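Fold and geometry: a report
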Amino acid sequence: MDTENLDKYFQNILKMDVVAGIDSSMNGFQVNQGNKQINKVAFSVDASMETFKRAVNWNADVLFVHHGLFWGVPLAVKESHYERLSFLIKNNLSLYAAHLPLDMNPIIGNNYGIAFQLKLNDCKPFGSYKGFKIGVSGILEKKKTIDEILNLLNIDRKEVLKILPFGKKMVSTVAIVSGGATSEIAQAIDQNIDLYITGDMSHATYHTCLEGGINMISAGHYFTETFGPKLLAEKLKKDSTIETIFIDVPTGL
């Protein structure tokens, strides 16, 4: 597979044109030279120098990330931005980014990936953002405590940013919007959801949850957005002869 066909593959799965008008991310190839043959694709969350170096050490042809380098506004090519672009070009490492399309995808998306991990039933789109539902809600097979839910996600209380246990002790309904989606807690409260899961935490959210009588897990921006890249890496490996790897560069946030 070459870069042109790899782009078609990603575009077909992620439906990037659907959110073209609302996503500030420059989705698609952000750095690429010509139509080269692809043998190895690395996947990660962030376009950072550490990620780039590890991708190059693995001899990747393309690095696919959730958070790319370009976000819809002019950015001077200097300092860290200069160093990152220079490194990519020097090492002929193509950079591909997918933001909201990877969050909301119902097969290999971040939010649905968390839902699959929790084995949620009756999954429905959740979390309106600029006219699009980017998250998911569903029902647990059996009511569970917050600690049992954390166990399903392979994470413990020490690893999450914050837990606000202001709702039911036994959780049945769950809503999920990965990353920085603290404001969507209001929609979860309106829908009488037992537990809301997102990545970030904000000061104002504390009283919103307390007064709304809802549980909230802020599991970490990075952690909640590892699910999509991992699932897409697995799918590409199954669908082609390309080797894939997930590069884990956790931020603790």
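Residues numbered from 1 in each chain as written. Predicted model: local features only at pLDDT ≥ 70, side-chain atom pairs only at ≥ 80, totals over all residues. Heavy atoms only, no water.

Here we take up the overall build of the chain. Across its full length, the chain carries ten helices and eleven strands. Expected size for 253 residues packed as a compact globule is a radius of gyration near 18 Å; at 19 Å, the chain falls within 12% of this value. Projected onto its principal axes, the C-alpha coordinates of the chain cover approximately 55 × 40 × 35 Å. Looking at the 253 residues of the chain, the share that counts as buried comes to 51%. Taking as baseline every contact in the chain between residues at least 6 positions apart, the subset at least 24 positions apart corresponds to 65%. One way to put it: in the chain the 25 positive side-chain charges average out to a point 4 Å from where the 27 negative ones average out. (Helix = DSSP H or I, 4+ residues; strand = E, 2+ residues; numbered from the N terminus. Rg over C-alpha atoms; globule rule 2.2 N^0.38 Å. Buried < 20%, exposed > 50% of the residue type's maximum accessible area, 1.4 Å probe, protein only. Contact = heavy atoms within 4.5 Å. Lys, Arg positive; Asp, Glu negative; His and termini not counted. Charge placed at Lys NZ, Arg CZ, Asp CG, Glu CD.)

Among all residues except glycine, the phi angle is most often negative; among peptide bonds, the trans geometry is most common. The backbone of Glu-79 sits at a positive phi, close to 50°, despite the residue not being glycine. Tracing the sequence through the fold places Glu-79 in helix α3 (residues 79-90). For Glu-79, a relative accessible area of 63% puts it in the exposed group.

This next bit is on the environment of Thr-3. Within the secondary structure, Thr-3 sits in helix α1 (residues 3-14). Residue class for Thr-3 comes out buried when judged on its relative accessible area of 3%. For Thr-3 and Val-62, which are 59 residues apart along the polypeptide, the C-alpha to C-alpha distance reads 8.5 Å. Sequence-distant contacts of Thr-3, that is, excluding residues within four places in its chain, are made with Phe-29, Asn-32, Gly-34, Asn-35, Lys-36 and Ile-38.

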